Amino acid sequence: MNRSNIRRVSHGYHYFFVRPGKGGNLHKAAARLMGIRKVKEVAITEGDYGFIVKADGLEGEKEVAMEITKAVGGNSKKAVCHCRYIRN
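Residues numbered from 1 in each chain as written. Predicted model: local features only at pLDDT ≥ 70, side-chain atom pairs only at ≥ 80, totals over all residues. Heavy atoms only, no water.

**Q** Break down the overall build of the protein chain for me, with residues and values.
**A** Within the protein chain one finds two helices and six strands. The N-to-C order of helical and strand elements in the protein chain reads β-β-α-β-β-α-β-β. Dimensions of the protein chain, computed from C-alpha atoms along their principal axes, come out at roughly 45 × 25 × 20 Å. Here the protein chain holds 88 residues, and the buried ones make up 28% of them. As displayed, the protein chain has an accessible area near 6,200 Å², and 50% of this comes from carbon and sulfur atoms. Side-chain charges of the protein chain comprise 17 positive and 8 negative groups, with the mean position of each set lying 3 Å from the other. (Helix = DSSP H or I, 4+ residues; strand = E, 2+ residues; numbered from the N terminus. Buried < 20%, exposed > 50% of the residue type's maximum accessible area, 1.4 Å probe, protein only. Areas by Shrake-Rupley, 256 points an atom, 1.4 Å probe, with all protein chains shown as cover. Lys, Arg positive; Asp, Glu negative; His and termini not counted. Charge placed at Lys NZ, Arg CZ, Asp CG, Glu CD.)

**Q** Describe the packing of aromatic side chains, listing the residues and the values that go with them.
**A** Using the criterion set out here, one finds one aromatic pair in the structure. Note on Phe17 and Tyr49: the rings are 5.7 Å apart at their centroids and 50 degrees apart in plane angle, and the pair reads as tilted. Taken together, the residues span a long stretch of sequence, with Phe17 in strand S2 (residues 13-19) and Tyr49 in the loop between strand S3 (39-44) and strand S4 (51-56) at a distance of 32 residues. With relative accessibility at 27%, the residue Phe17 sits in the partly exposed group. Positioned above the aromatic ring of Tyr13, the side-chain terminus of Lys54 is 4.3 Å from the ring centre. (Phe/Tyr/Trp six-rings, centres within 6.5 Å; stacked < 30°, edge-to-face > 60°. Lys NZ or Arg CZ within 6 Å of the ring centre and 35° of its normal.)

**Q** So what's going on with the side chain of His14? Which residues, and what values?
**A** Mapped onto the fold, His14 is located in strand S2. A residue is classified by how much of its surface remains accessible, and His14, at 5% relative accessible area, is buried. What His14 contacts, discounting residues up to four positions off in sequence, is Val53, Lys54, Ala55, Asp56, Gly57, Glu61, Lys78, Ala79, Val80 and Cys81. (Contact = heavy atoms within 4.5 Å.)

Spelled out as structure tokens, the structure:
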């Protein structure tokens, strides 16, 4: 494995694993999630969670979690990212 093209980035994001409420349109819900100011990316997933939401990790994660619940119902769990490794 070529490690020369991998670097560590100290700025992280928060990832929210979202279980949406029942009976909604996933694509409309994803659009509502993207309307949250700090949200950078939304993935529609299969399995235990319906969405994985990537949001700025500077501050205000409680407000983002409340906005997620308001947008799609259901509930979410947060994973705080302290550091990321990326390929150049």
